[in-house]
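# Architecture and fold: a report
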Amino acid sequence: MKMQNLYRQIIMEHYKRPRNKGLLEDDRYVTEHIRNPSCGDDVTIQTLLADGVVKDIRHEGSGCSICCSSASVLSEVLKDKPLESALEVSRQYKGMLTGEDFDADLLEDAIAYQGVQDFPARIKCASIAWQAFESTVKAGDDDE
Ligand code: ZN
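Just so we're clear, the structure is a prediction, and the values are computed from it rather than from any experiment.

By the definition in use, this model includes eleven salt bridges. In this structure, the salt-bridge partner of E13 is R19, at a minimum N-O distance of 3.5 Å. The exposure class assigned to E13 is partly exposed, which follows from its relative accessible area of 29%. K138 is the salt-bridge partner of E134, the closest N and O atoms lying 3.7 Å from each other. One end of the pair is E134 and the other is K138, both in helix α5 (residues 120-139) and four residues apart, which spans about a single turn. We classify E134 as buried; its relative accessible area is 11%. Linked by salt bridges that have partners in common, E13, R17, R19 and E76 make up one network.

In structure tokens:
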């Protein structure tokens, strides 16, 4: 129960005071927008990649607390990571949501969404920001 309270605190903290929020007018960022009609969630993620590193992530959007907070958590957890590590965190996160084995240490604060796996209707809420992030790095992938 204690862990669940901690997780809820992380989620509410990011919902109330989102990090890295607000989009930038900067061509170097790759932007991806995703909607979740079932919940009204609407997320835009902007990623700045340089030298194989996620230099910056911005987000904007509206929706439920799970969705909005997860964009903020994502931006904080993935920022300054090498792209390969960021994609690995994303893979582990999706595994966690779908009840597969995952590496808790890699997830940092994103572990707070572990309980979402018990609420299938909310899995989409918790994953669209991550899905948008993956699209930004795939869209911006010119080198490989
Ligand atoms: Zn939602």
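Before going further, it helps to examine the side chain of K81. Relative to the elements of secondary structure, K81 occurs in the loop between α2 (65-78) and α3 (83-97). For K81, a relative accessible area of 17% translates into the label buried. A distance of 2.8 Å separates the side chain of K81 from the backbone oxygen of V77, its partner in a polar contact. Non-local contacts of K81, meaning those with residues more than four positions away in its chain, are made with V53, V54, A86, V89 and E108.

Within the fold, I123 resides in helix α5. Each C-alpha atom, one on I123 and one on K21, is 22 Å from the other, the two residues being 102 residues apart in sequence. Beyond its immediate chain neighbours, meaning those up to four positions away, I123 contacts L97, V116 and Q117.

Attention now moves to the sheet that holds strand β2 (residues 41-50). Taken in spatial order, the three strands of this open sheet run β1-β2-β3, and their pairing is antiparallel. Across the chains shown, the open sheet's two edge strands, defined by having one partner strand only, are β1 (30-36) and β3 (53-62). The average undirected angle you get between the axes of adjacent strands in this sheet is 20 degrees. Bridge count between β1 and β2: seven bridges; the pairing is antiparallel. Each residue of the ladder has a partner; that of R35, found in β2, is D42. Strands in contact with α2 are β2 and β3; relative to β3, the strand with the most contacts, it is inclined by about 170 degrees.

Our next topic: the packing of helix α1 (residues 2-16) against α2. Close contact between α1 and α2 brings their axes to 8 Å; oriented N to C, the two are set at 90 degrees. Here α1 lies roughly perpendicular to α2, going by the angle between them. Along the contact surface, α1 presents I11, H14 and Y15, while α2 presents S65, C68, S69, S72, V73 and E76. When grouped by side-chain class, the residues that make up the contact of α1 with α2 number four nonpolar, four polar and one charged.

Cut-off values and rules
- Residues numbered from 1 in each chain as written.
- Predicted model: local features only at pLDDT ≥ 70, side-chain atom pairs only at ≥ 80, totals over all residues.
- Heavy atoms only, no water.
- Salt bridge = Lys/Arg side-chain N within 4 Å of Asp/Glu carboxyl O.
- Buried < 20%, exposed > 50% of the residue type's maximum accessible area, 1.4 Å probe, protein only.
- Helix = DSSP H or I, 4+ residues; strand = E, 2+ residues; numbered from the N terminus.
- Polar contact = N/O pair within 3.5 Å; in protein donor to acceptor, adjacent residues only side chain to side chain.
- Contact = heavy atoms within 4.5 Å.
- Pairing = 2+ DSSP bridges.
- Axes fitted to C-alpha atoms, helices over the stretch in contact; angles between N-to-C directions.
- Parallel < 35°, antiparallel > 145°, perpendicular 65-115°, else oblique.
- Nonpolar A, V, L, I, M, F, W, Y, C, P; charged D, E, K, R; others polar.

Just distances and angles here, no functional claims.
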